[in-house]
Amino acid sequence: MIVSKKGVIQTVVVGIIYGVIVGILLILFGRIFSMLFISSKYSAVLDASAKYITYMGYFYWVLSILNVCRQTTQGIGYSGLAIFSGVIEMIARCFVSLVFVPIAGYTAICCADQTAWIVAALYCVFTFSYCFKKIQEE
């Protein structure tokens with residue numbers, strides 16, 4: 001099986017650039033995007049939505065690292081390890097919900113996805129590195 005480390009790195013870089021661009025758009029225009037689905041008369045809902053989208057925008061780039069490493073790990077034959085990253089995401093979201101929502105309320109909810117992305121991305125980077133070394137030894 002041929003897997004190029006350079007190709008994976010280039011894909012991550014392109015994904016990060018895309019994530020930064022989309023993240024900036026989410027930060028700057030989150031409220032406007034929300035208004036596509038929510039009437040302006042529901043200002044409290046728009047405020048909550050804009051806050052959530054803004055928080056998401058700051059870490060949207062992490063998704064590229066997570067997705068590239070997860071999908072590459074799965075593609076080189078380690079699907080169980082790739083699937084486990086989804087379990088890690090769920091555990092991280094539950095942890096934030098149980099520990100931080102009672103303390104920080106809605107702000108913690110806004111951070112739950114990003115926390116899950118970061119934790120799972122760290123797992124996937126290490127898992128991909130391990131799996132990549134294993135297939136190079138074969």
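Each value, and the rule that gives it
Residues numbered from 1 in each chain as written. Predicted model: local features only at pLDDT ≥ 70, side-chain atom pairs only at ≥ 80, totals over all residues. Heavy atoms only, no water. Core = buried A, V, L, I, M, F, W, Y, C linked by side-chain atoms within 4.5 Å. Buried < 20%, exposed > 50% of the residue type's maximum accessible area, 1.4 Å probe, protein only. Helix = DSSP H or I, 4+ residues; strand = E, 2+ residues; numbered from the N terminus. pLDDT = per-residue confidence, 0-100. Axes fitted to C-alpha atoms, helices over the stretch in contact; angles between N-to-C directions. Parallel < 35°, antiparallel > 145°, perpendicular 65-115°, else oblique. Left-handed = near helix turned anticlockwise from the far one by under 90°. Contact = heavy atoms within 4.5 Å. Nonpolar A, V, L, I, M, F, W, Y, C, P; charged D, E, K, R; others polar. Phe/Tyr/Trp six-rings, centres within 6.5 Å; stacked < 30°, edge-to-face > 60°.

Q: Teacher, can you tell me more about the nonpolar core here?
A: Nonpolar side chains in soluble globular proteins tend to end up buried together. The biggest cluster of nonpolar side chains holds 22 residues, and the ones touching the most others in it are V3, L66, I76, W117 and I135. When residues of this core are traced back to their parent elements, those giving at least two are α1 (5-34), α3 (62-75) and α5 (106-137).

Q: So what exactly am I meant to see when it comes to the confidence of the model for the chain here?
A: Atom-level detail of predicted coordinates should not be read off regions where pLDDT is low. Looking at the chain, pLDDT values average 94 and 99% of them are 70 or higher. Looking over the chain, one finds the lowest element-wise mean pLDDT in α5, namely 94, and the highest in helix α4 (residues 79-104), namely 96.

Q: How should the packing of α1 against α3 be read in this particular structure?
A: At a minimum axis separation of 8 Å, α1 and α3 run at an interaxial angle of 150°. When the interaxial angle is binned, α1 and α3 end up roughly antiparallel. Note that α1 runs across α3; the crossing there is right-handed. Residues V8, T11, V12, G15 and I16 of α1 pack against S64, I65, V68 and T72 of α3. Tallied by class, the residues present in the contact of α1 with α3 amount to 5 nonpolar, 4 polar and no charged.

Q: What is the right way to read the side chain of S34 from this model?
A: Along the chain, S34 falls in helix α1. Residue class for S34 comes out buried when judged on its relative accessible area of 3%. What S34 contacts, discounting residues up to four positions off in sequence, is L46, S49, A50 and I53.

Q: Looking at this model, I keep getting lost on the packing of aromatic side chains. Mind explaining?
A: The geometry of two aromatic rings is summed up by the distance between their centres and the angle between their planes. With the rule as written, the count across this model stands at 5 aromatic pairs. Relative to Y123, the ring of F84 has its centre 5.6 Å away and its plane inclined at 70°; by these criteria the two rings are edge-to-face. Placement of the pair is F84 in helix α4 and Y123 in helix α5, with a sequence separation of 39 residues. On the basis of relative accessible area, F84 is assigned to the partly exposed category, the value being 38%. In this structure Y123 comes out as buried when scored by relative accessible area, which is 18%.

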